[in-house]
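Residues per chain are reported as follows:
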Amino acid sequence: MLDCADPKALEGLHWTLCYLTTGKHLDFYRSFGTVLVLLAVTAPVALAFGFAGAMAARSPVLPVRLLGKGYTAMVRGVPDIVFFLFFVIALDQGIEWLVHQVRCPDWTDPIRNGLEFRVCPQAKVPPGTAPQAVHQIYGFVLAVATFAIVFGAFAANVLYGAMQAVPRAQLETAEAYGMTARQVFRRVLVPQMWVYALPGLGNLWLILIKATPLLFLLGVQDIVYWARELGGAKTQAYDYPHPDWRLWYFLGLMVFYLAMTRGSELLIARLSARLNRGQATLAGEAMRKAAT
Amino acid sequence: MKRLILGTAILALSAGMSLAQTVRMGTEGAYPPYNFINDKGEVDGFERELGDRLCEMAGLTCEWVTTAWDSIIPNLQSGNYDTIIAGMSITEEREAVVDFTQNYIPPAASAYMALTADADIKGGVIAAQTGTIQAGYVAESGATLLEFATPDETVAAVRNGEADAVFADKDFLAPVVAESGGQFVWVGEDVQLGGGVGMALRESDDELRAKFDAGISAMKADGSLNELIRKWFGPDAATF
C-alpha cells in the first residue's frame, strides 16, 4: 500500500505515485468518465432530435413543417456559445419559475428584482438543501439537453438532406409495388438514406467530441477544467507544490482527443463500407465490381 | 450504480426540507491562500476555515461550491448559491449589485510583481485577473492591461514574458515571490485598494447577512479572526 501521509517528505517515484493518486487527480480521472458519458448519452438523443426534426421538415402539414424548419434554422443561425450561455440559464430559470407558480401561489415578493432571480425556497431546483452531488447531476442533465438540442438541429439538416438524396426511382418502385407512404418511408427511404447521411453525421460526431470542453461553461467540471486547475503552478499552500505543468496536462488532453477522433474515424470508415454494400452509389458500385 | 445515484438523489430531495437551513457558499477555489482546492479535491484556505466557523456559530449547514470568477456575481443573483466568500474586495461598483457583510480582512495592499525590479509598471504590459479591483486600477494607471480569467494565469504570463508585471493582492503574490527562489521580485510601492474583503449576498437576503455579520463581529471581538488571519497570511499580515 502506498504511504502518502507526509507528501512534503517524499521524493522521486514515490512522490510521483502519491501525486498522481491524490483526491484531486481521482476527480480528474473521473471527469474523463463524465465526458464519455456525455458523448454516449448526447449522441443518440441528438440523433433522435435530428430524426424528428428532419421528419417534421418533410411533413406535408404546414405548421409541423414550419416547426421543423424553424428549429434547424434558429439553432444553426445562433453561435453555439451564445446558445449554451443563454439556453441553460433560460431552461433553469424557466423550470424554477414553473415550480414556483405551483408550489408558492401566495408568494408576493417579485421574482425578478433588478438583476436578481428569486423564487421561493421550495421552488429551487434542485433544492438548496440538496448535497452538491445532486446539483452536479442536475447541471449535467441540463448540459446534455443543451448539447442534444444544438447538435440535433445540425443532425436534422444532415438527415433531411440524406432523405432528399435517396434516388426518386427507388421510391417510385416501392410505390409501384403498392406500398403506402408510411411503408415506403420505413422500408425504402430510411434504410437507404444512412449512406448519404453518414459523412455529415460523422462530421457532427467529431465536432461533438471537440465541443465537450464547453461543459465547463455550463458549470460541469470537465477534463479541461481539471487539467488547468491541476497544471497551474502550486505554492507550499498545497501538499504537492510544483511549477507550471499545464503544458503536460494539456498534452495529455491532446492525446486523449486525438485518440477519440482517430478511433471514431476508423469506426466511421467501417460503418461506411457496411452501409454502401449493395447500394446504387459509386462506392457501392465499386464494391460490386471488386466482388465479381 | 445509476440506481444508487438516483436513490440518493430522491432521498436527498425528500429529506432536504426538514433539515436546518443549508447555505451554499460560492467561492473561486483558485486564489491561495484565500481559497483553493486542496489535493483532496476539497475547498481549503483561509475563507474555508472562516466560513465553516461562521456557519457553525450561526447554526447553519454550509455547502461549498466553486465557480469561475468572472461569473461569480451573476451566479449569486440567479440563486445558484447564497453567498460569495472569495477574497472579494468591497467596492462601490459591487455594492450597487450585491450587499456585503462588514469586512473580515482589513483593507489590504496590492502589489506589482515582475522578473526584474526595473520593470515598467507605468507604461508596460500589466497582467491582472478579469473583474478585479486591480484590473480596474491598471486600466486607469496608463499601463496596458492584460486580463486573464484565473489568478494563476496572470502569474504564468509574467513568467513566460507575455506581461512585464502582474498586479494583484499582495497576500496572494507573497508566497509566489517567496518560493520563486529569486525569480520574482516586487516592483514599486504597494497600493491600497478597496474597503477590505467581505462576504457578498443578494440584496434581498438581509436576514442571512445579519447572521454572518454577527459572527464576524463576534470573531473580531474575541480576537479569533486576527488569529486566523495570522495563521494563513503570516505574522506580518494586517489585522483588526
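Note that residues are indexed from 1 along each chain, following the sequence as it is written. Working convention: letters from A go to chains and numbers from 1 go to ligands, in the order in which they are written. Residues qualify for local features only when their pLDDT is at least 70, as the model is predicted, and side-chain atom pairs are given and counted only at 80 or more; totals for whole chains, interfaces and linings, by contrast, use all residues.

To continue, consider the overall build of chain B. By the criteria applied, helices consist of DSSP H or I runs no shorter than four residues and strands consist of E runs no shorter than two, each listed in order from the N terminus. Counting secondary structure elements, chain B contains nine helices and 13 strands. The globule rule used here is 2.2 Å times the number of residues to the 0.38 power, and the radius of gyration it is set against is calculated over C-alpha atoms. Here the C-alpha radius of gyration of chain B, 19 Å, is about what a compact globule of 240 residues would show, namely 18 Å. For chain B, the spread of C-alpha atoms along the principal axes amounts to about 60 × 45 × 35 Å. A residue is called partly exposed when the number of other C-beta atoms within 10 Å of its own lies between 12 and 20, exposed at 12 or fewer, and buried at 20 or more, with C-beta atoms placed from the backbone. For chain B, the proportion of its 240 residues judged to be buried stands at 45%. With C-beta atoms placed from the backbone, a contact is any residue pair whose C-beta atoms sit within 7 Å. Restricting to contacts in chain B with at least 6 residues of sequence separation, those with at least 24 account for 70%.

With that settled, the discussion passes to the overall build of chain A. Counting secondary structure elements, chain A contains 10 helices and two strands. When the helices and strands of chain A are read in sequence order from the N terminus, they spell out α-α-α-α-β-β-α-α-α-α-α-α. Computed over its C-alpha atoms, the radius of gyration of chain A comes to 25 Å, more than 25% above the 19 Å expected for a compact globule of 292 residues. Projecting the C-alpha coordinates of chain A onto the three principal axes gives extents of approximately 80 × 65 × 30 Å. Classification of the 292 residues of chain A by burial places 27% in the buried group. Excluding contacts between residues fewer than 6 apart, the proportion of contacts in chain A whose partners are at least 24 apart in sequence is 64%.

With that settled, consider the interface of chain A and chain B. Of the residues lining the interface, 32 residues belong to chain A; the matching set on chain B comes to 33 residues. Counting residues per element, the ones that place at least two in the side of chain A that touches chain B are α2 (23-58), α4 (80-103), β2 (116-117) and α5 (132-165) of chain A. All residues other than Ala, Val, Leu, Ile, Met, Phe, Trp, Tyr, Cys, Pro, Asp, Glu, Lys and Arg, Gly among them, are scored as polar; the first ten of these are nonpolar and the last four charged. Among the residues forming the side of chain A that touches chain B, the class breakdown is 13 nonpolar, 11 polar and eight charged.

All names here are of chain B. Two strands make a pair as long as DSSP finds a minimum of two bridges between them. What the five strands build is an open sheet, ordered β5-β1-β6-β13-β7; its pairing is mixed. Across the chains shown, the open sheet's two edge strands, defined by having one partner strand only, are β5 (61-66) and β7 (99-100). Two elements, β7 and strand β13 (residues 200-201), share two bridges in a ladder whose sense is antiparallel. Residue pairing across strands places Asp99 opposite Leu201, the latter belonging to β13.

Looking now at the nonpolar core. For this entry, the nonpolar core is defined as buried Ala, Val, Leu, Ile, Met, Phe, Trp, Tyr and Cys residues connected by C-beta atoms within 7 Å. Core analysis: the biggest nonpolar cluster contains 67 residues, and B:Met113, B:Ile126, B:Ala127, B:Val158, B:Ala165 and B:Val166 have the highest contact counts within it. Each domain's extent is set by a domain assignment, obtained either automatically or from a database. For this core, the two domains that each supply at least three residues are domain 1 (22-106 + 196-233) and domain 2 (109-192) of chain B. Those residues in contact with B:Met113 that sit more than four places away from it in its chain are B:Val158, B:Ala165, B:Val166, B:Leu173, B:Val176, B:Val177, B:Phe184, B:Trp186 and B:Val187. Core analysis: the next-biggest nonpolar cluster, separate from the first, contains 44 residues, A:Val144, A:Ala148, A:Leu159 and A:Leu214 among them.

Turning to the packing of α2(A) against helix α8 (residues 223-231) of chain A, a few remarks are in order. Residue and element names in this part refer to chain A. Structural elements are reduced to axes, namely lines fitted to C-alpha atoms, with helices fitted over the stretch in contact, and the angle between N-to-C directions of any two is expressed from 0 to 180 degrees. Contact pair α2 / α8: the axes reach a minimum separation of 8 Å and the direction vectors enclose 160 degrees. When the axis of α2 is compared with that of α8, the two are roughly antiparallel. Taken as a pair, α2 and α8 cross one another with a handedness that is left-handed. Across the interface between the two elements, Lys24, His25, Asp27, Phe28, Ser31, Phe32 and Val35 from α2 touch Ile223, Trp226 and Leu230 from α8. Taken together, the residues of the contact of α2 with α8 sort by class into six nonpolar, two polar and two charged. By the definition adopted for this analysis, an angle is roughly parallel if under 35 degrees, roughly antiparallel if over 145, roughly perpendicular if from 65 to 115, and oblique otherwise. Put simply, a crossing is left-handed when the front helix is turned counterclockwise from the back one by less than a right angle, and right-handed when it is turned clockwise.

All names here are of chain B. Reading across from one edge, β10-β9-β11-β8-β12 is the order of the five strands in this open sheet, with mixed pairing throughout. The sheet is open, and its two borders are formed by β10 (144-148) and β12 (185-192), each paired with just one other strand. Strand-to-strand twist across the sheet, computed as the mean angle between neighbouring axes with direction ignored, equals 25 degrees. Inspection of the sheet shows strand β8 (residues 109-114) paired to strand β11 (residues 165-169) by five bridges, in the antiparallel sense. Bridge pairing links Ser110 to Asp169 in β11.

Residues and elements named next belong to chain B. According to the domain assignment, chain B consists of domain 1 (22-106 + 196-233) and domain 2 (109-192). Taking the mean C-alpha position of each, domain 1 and domain 2 sit 25 Å from one another. Taken together, the contact pairs 11 residues of domain 1 with 12 residues of domain 2. Considered class by class, the residues forming the side of domain 1 that touches domain 2 number seven nonpolar, three polar and one charged.

All names here are of chain A. As a packed pair, α2 and α5 sit with axes 6 Å apart at the nearest point and diverge in direction by 45 degrees. Taken together, the axis directions place α2 and α5 in an arrangement best described as oblique. Like other packed secondary-structure pairs, α2 and α5 cross with a definite hand, here right-handed. A per-class count over the contact of α2 with α5 returns 22 nonpolar, four polar and one charged.

Glancing now at helix α8 (residues 206-221) of chain B. Residues and elements named next belong to chain B. Expected span, for any helix, means 1.5 Å times one less than how many residues it has. Taking 1.5 Å per residue as the helical rise, α8 with its 16 residues ought to reach 22 Å, and the 22 Å between its terminal C-alpha atoms agrees with that figure. Considered for burial, the residues of α8 that qualify are Leu208, Arg209, Lys211, Phe212, Asp213, Gly215, Ile216 and Met219. Packing partners of the buried residues in α8 comprise β1 (22-27), α2 (46-58), β7, β13 and α9 (224-233). Looking one or two residues beyond α8, the residue adopting positive phi is Gly223, at roughly 80 degrees.

A separate point is the pairing of β1(B). All names here are of chain B. For β1, the buried fraction is high: five of the six residues fall into the buried class. As judged from the six bridges shared by β1 and β5, these two strands associate in the parallel manner. Counted as the bridge partner of Arg24 is Glu63 from β5. Note: β1 against strand β6 (residues 83-84), two bridges, orientation parallel. For Met25, the partnering residue across the bridge sits in β6 and is Thr83.

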